[in-house]
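Single-letter residue listing:
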Amino acid sequence: DINDNASRFPMREVRFGLFGSPVIMNPVVSLIGLVILWGAAIYCMVDPEGAKETLLNGRGGTSHYFSWFQIATQAFFVFFSIFLAIRYGNIKLGNQDDEPEFSTPTFFALLFSAGV
């Protein structure tokens, strides 16, 4: 039962206000991310040439061993997007009498500017 799991594994979250808005965060996940990011930043500042070599080797290895995965997932996401458009493209987000906030070209421009 999902309620049993929720009581056995409670969320470790901290709630506080920041600039008048509520903030909910998991301190464990946030601390892990901060340590990794600050560690990488300090490494790049302390040893720029070593960091450059390490990052270039990592990028090269990733490109060499996982380029097939990128190609496959891109094809999958294109076909999945087409499937979703065909299957659920007629569902209106909002009330039936609402007018769209953006025109179709503006909407696609927003999508592409967001990196989709």
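From a predicted model like this one, the values you see are computed outputs, not experimental measurements.

> Would you take a moment to explain the pairing of strand E1 (residues 14–18) for this structure?
The side chains of a regular strand alternate between the sheet's two faces. As paired strands, E1 and strand E2 (residues 21–25) are joined by five bridges and run antiparallel to one another. In the strand pairing of E2, Gly17 is matched with Pro22. Linking two consecutive strands that pair antiparallel, namely E1 and E2, is a turn of two residues; a positive phi of about 55° is found at Phe19 within it.

> Explanation requested: unusual backbone geometry in the structure shown.
Residue Phe19 is not a glycine yet carries a positive backbone phi of 55°. Tracing the sequence through the fold places Phe19 in the loop between E1 and E2.

> Would you mind going over the packing of helix H2 (residues 27–46) against helix H3 (residues 48–88) with me for this structure?
When two helices pack together, you describe them by how their axes are tilted relative to each other and by the distance separating the axes. Closest axis-to-axis distance for the H2/H3 pair is 5 Å, and the angle between their directions is 120°. Between H2 and H3, the crossing angle belongs to the class labelled oblique. Of the residues in H3, those in contact with Tyr43, Cys44, Met45 and Val46 of H2 are Pro48, Gly50, Ala51, Thr54 and Leu55. Of the residues that constitute the contact of H2 with H3, the class distribution is seven nonpolar, two polar and no charged.

> Help me out: how do you make sense of the confidence of the model for the chain in this one?
As a general rule, the predicted coordinates of low-pLDDT regions are not to be interpreted in detail. The pLDDT averaged across the chain works out to 88; a share of 91% of its residues lies at or above 70. The spread of mean pLDDT over the elements of the chain runs between helix H1 (residues 2–8), the lowest at 65, and H2, the highest at 95.

> How do you make sense of the pattern of salt bridges when you look at a structure like this?
Oppositely charged side chains may form a pair once their charged atoms are brought near each other. As enumerated under the stated definition, the model contains one salt bridge in all. Here Arg15 ties to Glu13 by a salt bridge, and the two come within 2.6 Å at their closest N and O atoms. Assessed through its relative accessible area of 34%, Glu13 is described here as partly exposed.

Rules used in this analysis
- What you see as residue numbers is a count from 1 along each chain, following the sequence as written.
- With pLDDT at 70 or above as the cut-off, local features in this predicted model cover only qualifying residues; side-chain atom pairs require 80 or more to be listed or tallied, and sums for whole chains, interfaces and linings still use all residues.
- Hydrogens are left out, water is left out, and the side-chain values use all remaining heavy atoms of the structure.
- Each pair of strands is called paired provided DSSP finds at least two bridges between the two strands.
- Starting at the N terminus, helices and strands are each numbered in turn, a helix being any DSSP run of H or I of at least four residues and a strand any DSSP run of E of at least two.
- Only C-alpha atoms enter the line fits that serve as axes; for helices the fit covers just the stretch in contact. Angles between N-to-C directions range over 0 to 180 degrees.
- When an angle is under 35 degrees it counts as roughly parallel; over 145 it counts as roughly antiparallel; between 65 and 115 it counts as roughly perpendicular; any other value is oblique.
- We call two residues in contact whenever any of their non-hydrogen atoms come within 4.5 Å of each other.
- In the scheme used here, Gly and all other residues not listed as nonpolar or charged are polar, with Ala, Val, Leu, Ile, Met, Phe, Trp, Tyr, Cys and Pro taken as nonpolar and Asp, Glu, Lys and Arg as charged.
- Looking at any residue, its pLDDT shows the predictor's confidence there, from 0 to 100.
- Throughout this description, the term salt bridge denotes a Lys or Arg side-chain nitrogen within 4 Å of a carboxyl oxygen of Asp or Glu.
- Burial classes follow relative accessibility: with a 1.4 Å probe on protein chains only, a residue under 20% of its type's maximum area counts as buried, one over 50% as exposed, and anything between as partly exposed.

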